[in-house]
Amino acid sequence: MKIGIGNDHSALELKAEMIDFLKEKGHEVVDYGTDSPASCDYPVYGERVARAVVSGEAEQGILICGTGLGISIAANKVKGIRAAVCSEPFTAKMARAHNDCNILAFGARVVGSELAKMIVETWLDTEFEGGRHQKRVDLITAIEARETEEKAERM
Ligand code: RB5
């Protein structure tokens with residue numbers, strides 16, 4: 001699978017470990033930065049990975065900041081993105097199976113690298129179940145459509 005990965009300054013080390021782990025598992029990884037330890041703004045990297053996923057440049061995304069929160073909130077502003085913060089494998093499994101999430105986020109200040117690997121592995125091994133969950137995901141997409149319509153009406 002082609003995976004886009006992005007992070008802020010708090011997650012450089014964990015990102016490097018995740019890239020190695022993903023490559024060992026046979027995945028292709030595109031790194032959207034940051035590659036610098038200098039303090040930076042997580043929305044920049046959240047948006048980059050989100051746009052890569054929506055355009056099809058990457059099939060799935062992984063985002064890491066201190067908590068996973070800011071970077072996932074930023075990614076979720078991009079239409080078509082369903083990013084979920086997962087700090088353990090059960091949530092990662094459900095985020096794929098029930099919510100068809102397309103970006104996994106977690107916090108470098110929250111999870112250690114071994115737990116992060118379990119979360120990533122569970123995420124990548126779980127398929128969306130569809131069925132009754134498809135209707136609910138469609139309702140999320142409908143909210144986005146209404147937002148776009150309302151914006152157009154205001155202009
Ligand atoms: C950076 O200090 C920190 O705020 C960021 O990594 C993240 O945790 C934000 O949600």
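Residues numbered from 1 in each chain as written. Predicted model: local features only at pLDDT ≥ 70, side-chain atom pairs only at ≥ 80, totals over all residues. Heavy atoms only, no water.

Draft legend 1. Molecular detail of the overall build of the protein. In terms of regular secondary structure, the protein is built from 6 helices and 5 strands. Listed N to C, the secondary structure of the protein is β-α-β-α-β-α-β-α-β-α-α in terms of helices and strands. The C-alpha atoms of the protein give 15 Å as radius of gyration, which agrees with the globular expectation for 155 residues (15 Å, within 12%). Taken over the C-alpha atoms alone, the protein extends approximately 45 × 35 × 25 Å along its principal axes. (Helix = DSSP H or I, 4+ residues; strand = E, 2+ residues; numbered from the N terminus. Rg over C-alpha atoms; globule rule 2.2 N^0.38 Å.)

Draft legend 2. Structural context of the site of the ligand. Every residue close to the ligand is listed here: D8, H9, S10, Y42, C65, G66, T67, G70 and R109. Residue G66 places a main-chain N or O atom 2.7 Å away from an oxygen atom belonging to the ligand. Coverage of the ligand by the protein chains reaches 71% of its 300 Å² of free accessible surface. (Near = heavy atom within 4 Å. Polar contact = N/O pair within 3.5 Å; in protein donor to acceptor, adjacent residues only side chain to side chain. Areas by Shrake-Rupley, 256 points an atom, 1.4 Å probe, with all protein chains shown as cover.)

Draft legend 3. Seen up close, the layout of surface pockets. By volume, the largest pocket amounts to about 160 Å³. Around the largest pocket, the lining residues are N76, K77, V78, K79, I140, I143, E144, E147 and T148. Of the residues contributing to the lining of the largest pocket, the split by class is 3 nonpolar, 2 polar and 4 charged. (1 Å grid on protein atoms, 1.4 Å probe; cavity = no way out; pocket = protein on both sides within 12 Å on 5 of 7 lines; lining within 4 Å. Points joined across faces, edges and corners; volume = space filled by probe spheres on them. Nonpolar A, V, L, I, M, F, W, Y, C, P; charged D, E, K, R; others polar.)

Draft legend 4. Looking closely at the sheet that holds strand β1 (residues 2-7). Reading across from one edge, β2-β1-β3-β5-β4 is the order of the 5 strands in this open sheet, with parallel pairing throughout. Either end of the sheet is taken by a strand with one partner, and the two such strands are β2 (28-31) and β4 (83-85). Shown here is a sheet whose adjacent strand axes are inclined to one another by a mean of 25°, direction ignored. Examined bridge by bridge, β4 and strand β5 (residues 103-107) share 3 bridges and lie parallel to one another. Paired with A83 across the strands is I103, a residue of β5. The strands touched by helix α2 (residues 42-55) are β1, β3 (60-65) and β5; relative to β3, the strand with the most contacts, the crossing angle is about 170°. (Pairing = 2+ DSSP bridges. Axes fitted to C-alpha atoms, helices over the stretch in contact; angles between N-to-C directions. Contact = heavy atoms within 4.5 Å.)

Draft legend 5. Structural view of the side chain of D8. Within the fold, D8 resides in the loop between β1 and α1 (12-24). Despite being buried, D8 has no salt bridge partner; R109 is the closest side chain of opposite charge, sitting 6.2 Å away. (Buried < 20%, exposed > 50% of the residue type's maximum accessible area, 1.4 Å probe, protein only. Lys, Arg positive; Asp, Glu negative; His and termini not counted. Salt bridge = Lys/Arg side-chain N within 4 Å of Asp/Glu carboxyl O.)

Draft legend 6. Inspection of the side chain of R96 at higher detail. Counting through the fold element by element, R96 comes out in helix α4 (residues 89-97). Those residues in contact with R96, other than ones at most four positions away along the chain, are Q60, C101, W123, T126, E127 and F128.

Draft legend 7. A look at the environment of R96. You can call R96 buried: its relative accessible area is 9%. For R96 and T126, which are 30 residues apart along the polypeptide, the C-alpha to C-alpha distance reads 6.0 Å. Of the polar contacts made by the side chain of R96, one reaches the backbone oxygen of C101; its length is 2.8 Å. Within the local environment of R96, its side chain forms a polar contact with the backbone oxygen of T126, the two atoms lying 3.2 Å apart.

Draft legend 8. How the structure looks around the packing of α1 against helix α5 (residues 113-125). Running from N to C, α1 and α5 cross one another at 45°; their axes reach a closest spacing of 10 Å. The angle between the axes of α1 and α5 places the two elements in the oblique class. The chirality of how α1 crosses α5 is right-handed. Within the contact between the two elements, α1 uses L14, E17, M18, F21 and L22 and α5 uses S113, A116, K117, V120, E121 and L124. A breakdown of the residues in the contact of α1 with α5 according to their chemical character gives 7 nonpolar, 1 polar and 3 charged. (Parallel < 35°, antiparallel > 145°, perpendicular 65-115°, else oblique. Left-handed = near helix turned anticlockwise from the far one by under 90°.)

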